[in-house]
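Residue-level structural notes
As a plain string of letters, each chain reads:
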Amino acid sequence: MKRLISFVIKHIPRKYLQLFAHFGAKFLGLFYLGNKVECNVCHHSYREFLPYGRKPPRSNALCPNCLTLERHRLMWMYLQEKTDFFSAPKKVLHVAPELCFIKRFEAMDNLEYITGDIESPLAKVKMDVHEIPFEANSFDAVFCNHVMEHVEDDIKAMSEIRRVLKPGGFAIMQSPQDMSREETYEDPTITDPKAREEAFWQSDHVRLFGRDYGKRLEKAGFDVIEDDFVKQLPAEVVHQYGLPAEEIVYFCKK
């Protein structure tokens, strides 16, 4: 199963995965029925989640029903427990929107919800995160996950997100991190896809963030809380919901 999923992720264009992967995942989910883990977003239970990832695929990662990964389930729980996102009126911009969130956020009466991306077929507004086509101080919240490792200038993109946030608004911008690195690694001379995958974990990444990710967000003007929220949860909760046990939530305030 891990080899199959790794092959699919590597060789099928992302836009087709975004449109059609949920059909295959739901079929595979029939072989994973059980009650040892539960998705806190869609509330379906399984004996374990599907594996997911490139090299190598992570065990117990992908919800077959709604396609949440570990980071999505963590973000959902964080928003529930640490913010007023589910109750207060908010205008929200979701860059590179994840399928597992779109319909749920669209159905929330307290949200004015806008999706945007440069190429995703799931987004309603075509936009470059380096030049977001909205006025300053427009949004109460912005989500932009696993994007900053792809963009040409991460500090400019982060600054644009801050620009469109209202004073007092917040952004969540999670990215892959190599916690063994003190500083973010960039090398534009690496162009071979295999070499890029080795250096940056994926061939379409242009950098690999280190422990300085929060400082880069601060450089863009944010007040950043590096929240080890998941480490404060009981181990049985982390296991039950398949959460990423080491991930830091970067809660960025304007």
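We now examine the sheet that holds strand β5 (residues 90-95). Reading across from one edge, β7-β6-β5-β8-β9-β13-β12 is the order of the 7 strands in this open sheet, with mixed pairing throughout. Each edge of the open sheet is held by one strand with a lone partner, namely β7 (125-126) and β12 (223-227). Relative to strand β6 (residues 111-117), β5 is paired through 6 bridges, and the arrangement is parallel. Its bridge partner lying in β6, His94 is registered against Thr115. Along the sheet, helix α3 (residues 70-82) contacts β8 (139-144), β9 (165-172), β12 and β13 (249-253); its crossing angle with β9, the most-contacted strand, is approximately 140°.

To continue, consider the nonpolar core. Ranked by size, the top nonpolar core spans 45 residues in total, and within it Phe85, Phe105, Phe143, Phe170, Ile172 and Leu243 carry the most contacts. Each residue touching Leu243, except ones within four places of it in the same chain, is listed here: Glu70, Arg73, Leu74, Met77, Val230, Leu233, Val237 and Val238. By size, the runner-up hydrophobic cluster in this structure holds 30 residues, among which are Val142, Ala157, Ala171 and Phe209.

Taken together, the side chains of Asp128, Glu131, Glu152 and Asp153 present a region of like negative charge at the surface. Along the polypeptide, Glu152 turns up in the loop between β8 and α5 (154-164). Overall, Glu152 belongs to the exposed group, its relative accessible area being 73%.

Mapped onto the fold, Tyr78 is located in helix α3. The exposure class assigned to Tyr78 is buried, which follows from its relative accessible area of 3%. Taking the C-alpha atoms as reference, Tyr78 lies 9.8 Å from Asp227; in sequence the two are 149 residues apart.

On to the environment of Glu70, then. Tracing the chain through its elements places Glu70 in helix α3. Judged by its relative accessible area of 11%, Glu70 falls in the buried class. Remark: the alpha-carbon pair of Glu70 and Cys39, spanning 31 residues in sequence, is separated by 9.4 Å.

Most of β8 sits inside the fold, with 5 of its 6 residues counted as buried. Sheet topology note: the β8/β9 ladder contains 4 bridges and is parallel. Each residue of the ladder has a partner; that of Phe139, found in β9, is Leu165. What joins β8 to β9 is α5, and the crossover it makes is right-handed.

In this fold, Gln240 is placed in helix α8 (residues 235-240). For the pair Gln240 and Leu165, spaced 75 residues apart in the sequence, the C-alpha separation amounts to 34 Å. The residues touching Gln240, leaving out its near neighbours within four places in the chain, are Lys36, Val37 and Glu38.

How each quantity is defined
Per chain, residues are indexed from 1 in the order of the written sequence. Local features in this predicted model are restricted to residues whose pLDDT is 70 or higher, and side-chain atom pairs enter the listing and the counts only when it is 80 or higher, whereas totals over whole chains, interfaces and linings include all residues. Hydrogens and water molecules were not included; the side-chain quantities draw on all heavy atoms of the structure. Only when DSSP finds a minimum of two bridges between them are two strands counted as paired. Strands are runs of DSSP state E lasting at least 2 residues, helices are runs of H or I lasting at least 4, and numbering of each runs from the N terminus. Two residues qualify as a contact provided that any one of their heavy atoms is within 4.5 Å of a heavy atom in the partner residue. Comment: axis = line fitted to C-alpha atoms, over the contacting stretch for helices; angle = value between 0 and 180 degrees taken between N-to-C directions. In this text, buried Ala, Val, Leu, Ile, Met, Phe, Trp, Tyr and Cys residues form a nonpolar core when linked through side-chain atoms within 4.5 Å. Remark: exposure states derive from per-residue accessible area (1.4 Å probe, protein chains only) relative to the maximum for the residue type, with buried under 20%, exposed over 50%, and partly exposed in between. Residues form patches when they are more than 30% accessible in relative terms and have no salt bridge. Like charges link within 9 Å. Nonpolar side chains (Val, Leu, Ile, Met, Phe, Trp, Tyr) link within 5 Å. Each accessible area is a Shrake-Rupley estimate made with a 1.4 Å probe; only the visible protein chains count as cover when residues are assessed. Here a salt bridge means any side-chain nitrogen of Lys or Arg lying within 4 Å of a carboxyl oxygen belonging to Asp or Glu. A residue counts as positive if it is Lys or Arg and as negative if it is Asp or Glu; His and the chain ends are not included. Think of each charge as sitting on NZ of Lys, CZ of Arg, CG of Asp or CD of Glu. Here, the term right-handed applies to a crossover whose path from the first strand over the helix to the second runs clockwise when the strands point away from the viewer.

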